[in-house]
Amino acid sequence: MTTKTYAPSDAFVSKAHADRATYDAMYEKSVADPESFWAEHGRRVDWIKPYSTVKNTDFSPGKVSIKWFEDGTLNVAANCVDRHLETRGDQTAIIWEPDDPKDEALHISYKQLHEEVSKFANVLKDLGVKKGDRVVIYLPMIPEAAYAMLACARIGAIHSIVFAGFSADALAARISGCQAKVVITSDGAPRGGRVTKLKDNVNQALINVMHDVTCLCVKRTGQQVAWRPEGDVWLHEAAANASTDCPAEEMSAEDPLFILYTSGSTGMPKGVVHTTGGYLVYAAMTHQYTFDYHDGDVFWCTADVGWVTGHSYIIYGPLANGATTVMFEGVPTWPDAGRFWEVCAKHQVNQFYTAPTAIRALMAHGSEPVEKHDLSSLKLLGTVGEPINPEAWNWYNDVVGKGSRPIVDTWWQTETGGHLLTPLPGAIPTKPGSATLPFFGVQPVILEPTSGEEIHETACEGVLCLKDSWPGQMRTVWGDHERFEKTYFSDYKGYYFSGDGCRRDEDGYYWITGRVDDVINVSGHRMGTAEVESALVAHAAVAEAAVVGYPHKVKGQGIYAYVTLMNGETPSDELRKELEVWVRSEIGPIAKPDLIQWAPGLPKTRSGKIMRRILRKIAENDFGSLGDTSTLADPAVVDDLIENRMNRD
Ligand code: 6R9
């Protein structure tokens with residue numbers, strides 16, 4: 001197979017932080033002697049008490065433990081804000097672009113950021129929040145989301161952001177899961193011209209939370225909200241007299257910074273825990289090198305802060321580097337499909353980072369909305385979240401990048417804190433669809449899925465694991481270290497297992513082939529099929545449900561649900577609608593099934609296990625190759641499913 005490669009221009013290379021020789025030398029050092037490599041690069045952030053040990057990590061079964069810079073102390077907010085005051089106090093830290101382009105954008109300087117974060121931190125303290133306490137953040141993409149995160153970091157509280165698109169039930173589970181003392185929300189969340197009633201969702205969530213929770217509410221829209229008789233506080237009232245002086249707490253490198261819930265193949269989403277020192281070093285270093293960020297550049301990551309991408313590449317990485325970072329409240333297609341490009345032109349964005357699903361959605365509108373805007377400020381483009389198909393890559397490259405900007409396809413996960421596989425733009429020629437090579441200190445290996453043997457041939461395919469730790473790695477699952485070991489370190493002993501399949505080509509480039517577990521990737525959002533199934537069976541009419549992914553032109557994967565109804569229930573379009581609404585309210589709009597097929601029965605083995613392989617094939621409209629069905633208890637079930645399949649593309 002020949003794939004075209006795209007090398008960066010000489011002009012780009014000459015200004016880049018790393019050319020090929022630099023990448024090779026640094027990578028070589030980072031894996032030959034991680035201790036001294038990270039001892040040196042750990043100093044890119046300011047430590048209150050410098051570390052004397054660097055790496056103390058163990059992937060062995062039963063005693064998985066990951067610690068970096070463990071005897072050092074620092075504060076993340078001081079690193080992201082205070083340390084820039086002297087050198088760049090008046091520089092814009094955050095450009096906030098509101099949902100409605102008719103409203104004014106905000107330019108928040110580092111000085112202002114310092115005041116806002118300090119005030120916010122004092123408000124949290126007044127509400128009784130102390131070091132180690134958990135605070136849930138359920139906010140739209142407004143500056144207060146950044147203030148809230150940094151305020152928590154400033155006083156040593158652990159934040160857990162819940163994406164504002166999640167339902168009241170999902171929010172309740174996450175508030176209870178970490179026993180949060182405070183939940184921060186807003187009256188409403190404008191997005192794409194529509195408003196979600198966030199405070200109402202919080203009220204509904206708190207009915208199902210057993211412990212006392214204070215709700216701190218930001219006024220964003222000014223709409224009417226229902227106020228609980230006790231425990232509700234307006235931020236603007238609480239902050240009116242709050243001091244702008246709040247000393248930053250001295251945190252140990254291994255104190256938790258945040259929890260972020262993410263889907264796995266089984267059970268409820270797990271609380272991924274990231275800590276203070278290693279995470280910050282890694283987020284900052286990847287931000288600088290992967291995006292070739294230089295002082296004075298304007299960086300825009302279009303993710304939401306509710307996802308890890310927003311944590312690492314809207315807030316912590318860029319601000320630790322003293323960058324100007326864009327925070328966008330809206331959506332790519334409202335008021336029209338030119339919005340991204342309008343914002344790029346308006347704020348003279350230099351690096352633009354988005355998801356393949358957004359690229360595909362915009363590609364469907366053709367090149368005209370792009371060409372209307374002056375994109376000459378762009379120096380680099382990035383993607384994240386799912387494999388990018390070559391068509392979308394080429395459109396991004398040709399139409400947006402005018403064929404002259406490097407594209408960085410960054411593979412990483414909530415669990416990894418920052419990029420693991422990515423081209424460094426001045427060093428690595430790219431191939432459309434490949435995340436190319438490892439970042440410094442990252443040692444990817446491909447294992448034979450069943451034997452777990454490491455494959456040493458360059459060209460091969462298998463499951464993707466990591467041989468050793470990197471500073472941004474998650475440390476544990478909140479409250480359940482056993483689940484951490486079981487999920488990531490038990491299938492392949494001695495390795496971190498990513499859950500992704502991967503091919504390595506003859507040049508040693510990595511190509512992610514997608515999840516090998518029951519996790520699906522819908523518009524770049526991770527979802528456990530088990531979560532959607534349990535939402536479906538919670539409906540009174542549903543006896544059994546099986547959920548799989550299928551190829552979807554815009555979303556990458558769509559959600560395909562096979563539903564067996566209770567005896568006496570009749571399939572109907574109304575019931576189908578009702579189930580869609582039901583899943584939206586149980587999890588959130590992103591989990592709404594795209595296709596629901598009524599299944600009189602599901603294909604099961606004689607021991608009662610649902611054969612998902614078969615369900616996947618039917619959902620993919622690829623039933624010619626169902627493989628061995630002889631172990632099925634009732635092979636006739638399959639014929640019915642094929643006959644009534646919903647996807648005929
Ligand atoms: C950062 C983020 C992680 C999963 C991951 C993989 C998929 C992410 C990708 C990619 C191919 C890329 N993924 N980036 N697949 N190429 N560049 O997305 O974190 O939400 O935890 O999802 O997303 O399957 O395992 P998260």
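Computed from a prediction, not measured in an experiment: that's the story for all the values here.

(A) Structural view of the sheet that holds strand S20 (residues 407-410). Reading across the sheet, the 7 strands line up as S5-S4-S17-S16-S18-S19-S20 and stay open at both edges, with mixed pairing between neighbours. Lying at the two open borders of the sheet, with one neighbouring strand each, are strand S5 (106-109) and S20. Pairs of neighbouring strands in the sheet enclose a mean axial angle of 20°, with direction left out of account. Pairing of strand S16 (residues 298-301) with strand S18 (residues 351-354), which is carried by 3 bridges, proceeds in the parallel orientation. In the strand pairing of S18, Trp300 is matched with Phe352. Contacting S18, strand S19 (380-384) and S20, helix H16 (residues 390-400) crosses the sheet at an angle of about 160° to S19.

(B) Local environment of the confidence of the model for the protein chain. Across the protein chain, pLDDT averages 96, with 100% of residues at or above 70. Here the predicted complex scores 0.94 on pTM and 1.00 on ipTM.

(C) The side chain of Arg475, seen in detail. Its location among the elements puts Arg475 in the loop between strand S22 (460-466) and strand S23 (476-477). For Arg475, a relative accessible area of 6% gives the class buried. At a separation of 3.1 Å, a polar atom in the side chain of Arg475 contacts the main-chain carbonyl oxygen of Pro471.

(D) Region of the structure containing the packing of aromatic side chains. Here the structure, examined in full by the defined rule, presents 42 aromatic pairs. With 4.6 Å between their ring centres and 20° between their planes, Trp227 and Trp234 make a pair best called stacked. Of the residues examined, Trp227 reaches a relative accessible area of 34% and is grouped as partly exposed. In this structure Trp234 comes out as buried when scored by relative accessible area, which is 14%. Considering the side-chain rings of Phe258 and Tyr316, the 6.4 Å spacing of their centres and the 5° angle between planes classify their relative orientation as stacked. Placement of the pair is Phe258 in strand S14 (residues 256-262) and Tyr316 in helix H12 (residues 308-320), with a sequence separation of 58 residues. Summarising the burial analysis for this pair, Phe258 and Tyr316 share the class buried.

(E) Structural view of the environment of Arg43. By the secondary structure assignment, Arg43 is in the loop between helix H3 (34-41) and strand S1 (55-58). Of note is the side chain of Arg43, whose polar atom sits 3.3 Å from the backbone oxygen of Ala39.

The rules we used
- Position numbers for residues start from 1 in each chain and track the written sequence from start to end.
- In view of the model being predicted, local features appear only for residues whose pLDDT reaches at least 70, and side-chain atom pairs are presented and counted only at 80 or more, with totals across whole chains, interfaces and linings using the full set of residues.
- Note that the side-chain values use all heavy atoms of the structure and ignore hydrogens as well as water.
- Should DSSP find at least two bridges between two strands, the strands are regarded as paired.
- Secondary structure counts use DSSP, requiring at least four H or I residues in a row for a helix and at least two E residues in a row for a strand, with both numbered from the N terminus.
- Axis lines are fitted through C-alpha atoms, for helices just across the contact stretch, and the angle between N-to-C directions can take any value from 0 to 180 degrees.
- It only takes one pair of heavy atoms within 4.5 Å for two residues to be counted as in contact.
- As a per-residue quantity, pLDDT reports the predictor's confidence and falls between 0 and 100.
- Exposed residues in this analysis have more than 50% of their type's maximum accessible area, buried residues have under 20%, and partly exposed residues fall in between, with area computed by a 1.4 Å probe over protein chains only.
- Two N or O atoms count as a polar contact when they lie within 3.5 Å, although within protein this holds only if one can serve as hydrogen donor and the other as acceptor, and sequence-adjacent residues are included solely when both atoms are side-chain atoms.
- Classification of ring pairs rests on two measures: the distance between centres of Phe, Tyr or Trp rings, Trp counted by its six-membered ring, which must be within 6.5 Å, and the angle between planes, read as stacked under 30 degrees, edge-to-face over 60 and tilted in between.

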